[in-house]
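Read off the chains here:
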Amino acid sequence: MNKLNRDPELCRLFVSEARRFLAKQPEIQHSWSVDDDEDHAILEIQGKGDAGFDITVHIDSDAIILWGEGWHEHYSVTEPKKDFVAGMLGLIRDMLSPSMRIRERRSNGTPYKWTLENFEEGTWGVENTCALVFWNWFGTKTEAFYSNEVLPARTQAGV
């Protein structure tokens, strides 16, 4: 695909659906940056809570990349695009609640590994992990947890 003339369908669909979702959730503080040709957009959402984290969403013509703290994941588009976008918005919604968290592992105080975790049936499960290739293997290990309180967990909200 020619990078100078990318298909804007995914970006337009995501922006439209996300704006509809965000209009129903005025407590979510956010900002948009949408390219003139509408084939790339960035949504930045502010975290909330003592250990809250901001979420950044990059929308391209063929993928969505989510960022939170040092954690990030690249999601390639699947068909149908409407279902893919709905799944991404559901994940973002969960990242704004206490039902998801980021576990950050550190060596001598320097972060080197991040895991997105979800809380189901009384335990924390791993969604996915990203890490640095090189880090201080012999340093003192500690960890921190980041979790938002922007929206209630779906089980609590009945959503």
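Here the structure is shown first, and the text comes after it.
Q: Where do I start with the sheet that holds strand β2 (residues 41-45) in this structure?
A: Consider a sheet: its strands pair through backbone hydrogen bonds, and that pairing is either parallel or antiparallel. Strand order in the open sheet formed by five strands is β1-β2-β3-β4-β5, with antiparallel pairing between adjacent strands. Edge positions in the sheet fall to β1 (30-34) and β5 (71-76), since each has one partner strand and no second. Across the sheet, the mean angle separating the axes of adjacent strands is 10 degrees when strand polarity is ignored. Pairing analysis gives five bridges linking β2 to strand β3 (residues 55-59), with the strands arranged antiparallel.

Q: Looking at this model, I keep getting lost on the nonpolar core. Mind explaining?
A: The tendency in soluble globular proteins is for nonpolar side chains to be buried side by side. F14, V57, I64, L66, W71 and M95 are the most contacted members of the largest nonpolar core, which has 36 residues in total. Apart from the residues within four sequence positions on either side, W71 is in contact with L66, M95, I102, W114, T115, L116, N128 and C130.

Q: Help me understand unusual backbone geometry in this model?
A: Backbone phi values are negative for most residues with the exception of glycine, while trans is the configuration of most peptide bonds. Here E79 and P80 are connected by a cis peptide whose omega angle stands at -5 degrees. Mapped onto the secondary structure, P80 falls in the loop between β5 and α2 (81-95). Phi at E38 is positive, roughly 60 degrees, even though this residue is not glycine. Position of E38 among the secondary structure elements: in the loop between β1 and β2. In this structure E38 comes out as partly exposed when scored by relative accessible area, which is 34%. Although it is not a glycine, E69 sits at a positive phi angle of roughly 55 degrees. Examined against the element boundaries, E69 turns out to sit in the loop between β4 (63-68) and β5. Classification of E69 by relative accessible area gives partly exposed; the value is 38%.

Q: Mind showing me how you'd approach the packing of aromatic side chains here?
A: Between two aromatic rings, the relevant description is the distance of the centres plus the angle of the planes. Considering all chains together, one arrives at three aromatic pairs under this definition. Ring centres 3.8 Å apart and planes at 10 degrees place the aromatic pair Y112 and W135 in the stacked group. With Y112 in strand β7 (residues 110-120) and W135 in the loop between β8 (123-131) and β9 (141-146), this pair connects stretches of sequence that are 23 residues apart. The exposure class of Y112 is buried, given its relative accessible area of 9%.

What counts and how
Residues numbered from 1 in each chain as written. Predicted model: local features only at pLDDT ≥ 70, side-chain atom pairs only at ≥ 80, totals over all residues. Heavy atoms only, no water. Pairing = 2+ DSSP bridges. Helix = DSSP H or I, 4+ residues; strand = E, 2+ residues; numbered from the N terminus. Axes fitted to C-alpha atoms, helices over the stretch in contact; angles between N-to-C directions. Core = buried A, V, L, I, M, F, W, Y, C linked by side-chain atoms within 4.5 Å. Buried < 20%, exposed > 50% of the residue type's maximum accessible area, 1.4 Å probe, protein only. Contact = heavy atoms within 4.5 Å. Phe/Tyr/Trp six-rings, centres within 6.5 Å; stacked < 30°, edge-to-face > 60°.

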